[in-house]
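# Structural features, examined
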Amino acid sequence: MRKELHRMERQEAIALLERSHVFHMATTRPDGTPVLRTLHGVVMGEAIAFHGAPVGEKSEAVGRPAVVSVEEVVTSIPSYFLDPRRACPATTYFRSVQAHGVIQPVTDLAEKAAVLEAFMRKYQPEGGYEPLEADNPLYRGAIAGLMVCKIPFEQLDGKAKLGQNRRPEELGVILKRLWERGLPSDPAAIELIRAANPDHPAPEFLHAPAGTRLVCQLGAPDAAAAADLLAESYWNAATTREQLIRAHLGASAWVGARDEEGRLIATARAMSDGAKHAWVYDVMVAPEWRGQGLGKALVRLLLDHPKVRDAVFVRLGTRDAQGLYTRFGFEEVGNLPPKPYPSTEMVLRRLALVTRS
């Protein structure tokens, strides 16, 4: 039997706790009967903290051992991905963390205020409130009267099931089938599975020139690097860096490529309704990687993205890359048959918004 669950690094486990909006806490009442509650919580160094009323079930658990649990479902793997008849291969890929410790009260007002401020930053990151400080008259009474507790991490167990038990050929099939299935979460799941299996070869749809690695789902940590790649693009001359970042974060599909050190060296995105129309934007390859086929591989991946592949019309604009796009069947709009009805192309320009950005 091959091992399916793999231990997560400590910092990876803590990061999962940090981004989880709720956690499950299991403990016992003084008479030994079990208690299971779903709570909001924040990680404070090597502990997780929560708050509640000064009397009640949670307050009765102070001083008792507890287990905190969070989980993150990555994707479901249907049985028919690997076997057309047997149900046995059906499974779920996930990451989970359990933290063990004793519930401790937080009594220092400054520490309580720090915990509550961390709650606000996590659950209301946009701000819109006066910062929580222990000596602020606005909060002094509320902080003193609220129960705040923490559970130091005496034992931290993080486990991930992301196909690490699969042979390379099996994992390749799973990645291919996820890409073909194309659920909204599947591109991100593909990248998580690949990251957990770094020694497995890339599936065919992610083949890239030597020294590069295609990525079928980029995310928030890549937005600044993408904006840097596009900083000198002629079509973004009137676009601010902040607008570029927001545009990428709001894209229907966003793919890219990294070098062997993990740096982002190519990016491309699209907006699509998934059926009638898609628009390709911001295709860029770092200058030192041009002329090696990376741009072609990038466009191929973007056009095959689940949000783009079924669009009847895929549109783009270019000043000098017509040769690249004609390889994929693009043609000038003027060469298309006229519409069977008269129409006027219109645009709303919100110049005030551009200036404000």
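It should be emphasised that the depicted structure is a prediction, and the values quoted were computed from it without experimental measurement. (Residues numbered from 1 in each chain as written. Predicted model: local features only at pLDDT ≥ 70, side-chain atom pairs only at ≥ 80, totals over all residues. Heavy atoms only, no water.)

Bringing the sheet that holds strand 4 (residues 42-43) into the picture now. Strand order across the open sheet formed by four strands is 4-5-9-8, with antiparallel pairing between neighbours. Single-partner strands in this sheet number two, and they are strand 4 and strand 8 (104-105). (Pairing = 2+ DSSP bridges. Helix = DSSP H or I, 4+ residues; strand = E, 2+ residues; numbered from the N terminus.)

In the Ramachandran plot, D282 falls in the positive-phi region, its phi being about 55° despite a non-glycine side chain. Along the chain, D282 falls in strand 14 (residues 277-285).

This part covers a nonpolar patch on the surface. Together, M271, W279 and Y281 make up a nonpolar patch on the protein surface, roughly 260 Å² of accessible area in all. Checked against the element boundaries, M271 lands in strand 13 (residues 264-272). Here M271 falls in the partly exposed class, since its relative accessible area comes to 31%. (Patch = residues over 30% accessible without salt bridge, like charges linked within 9 Å, V, L, I, M, F, W, Y side chains within 5 Å. Areas by Shrake-Rupley, 256 points an atom, 1.4 Å probe, with all protein chains shown as cover. Salt bridge = Lys/Arg side-chain N within 4 Å of Asp/Glu carboxyl O. Buried < 20%, exposed > 50% of the residue type's maximum accessible area, 1.4 Å probe, protein only.)

For the rest of this paragraph, the subject is the environment of L303. Here L303 lies in helix 9 (residues 294-303). Measuring from C-alpha to C-alpha, the distance between L303 and R269 comes to 9.7 Å, with 34 residues separating the pair along the chain.

Each aromatic ring pair is specified by the distance between its two centres and by the angle formed by the two planes. Tallied over the full model, the rule gives six aromatic pairs. For the pair Y80 and F81, a centre-to-centre distance of 5.7 Å together with 75° between the ring planes defines the contact as edge-to-face. Relative accessible area serves as the criterion here: at 48%, Y80 is assigned to the partly exposed category. Assessed through its relative accessible area of 4%, F81 is described here as buried. Positioned above the aromatic ring of W179 is the side chain of R309, whose terminal nitrogen or guanidinium carbon lies 5.5 Å from the ring centre. Positioned over the ring face of Y234 is R319, at 3.9 Å from the centre of the ring. (Phe/Tyr/Trp six-rings, centres within 6.5 Å; stacked < 30°, edge-to-face > 60°. Lys NZ or Arg CZ within 6 Å of the ring centre and 35° of its normal.)

Hydrogen bonds between backbone atoms are what pair the strands of a sheet, whose relative direction is either parallel or antiparallel. With antiparallel pairing, six strands are arranged side by side in an open sheet as 1-10-7-6-2-3. Looking along the sheet, the strands with just one partner apiece sit at the ends: strand 1 (6-7) and strand 3 (34-39). Two strands pair when backbone bridges link them, and strand 2 (residues 23-28) and strand 3 are joined in this way by six bridges, in the antiparallel orientation. Within the sheet, the bridge partner assigned to H24 lies in strand 3 and is T38.

Overall, the coordinates contain 24 salt bridges when judged by the stated rule. A salt bridge links R29 to E57; the nearest nitrogen and oxygen atoms lie 2.4 Å apart. With R29 in the loop between strand 2 and strand 3 and E57 in helix 2 (residues 57-60), this pair connects stretches of sequence that are 28 residues apart. In this structure, the salt-bridge partner of D304 is R309, at a minimum N-O distance of 3.6 Å.

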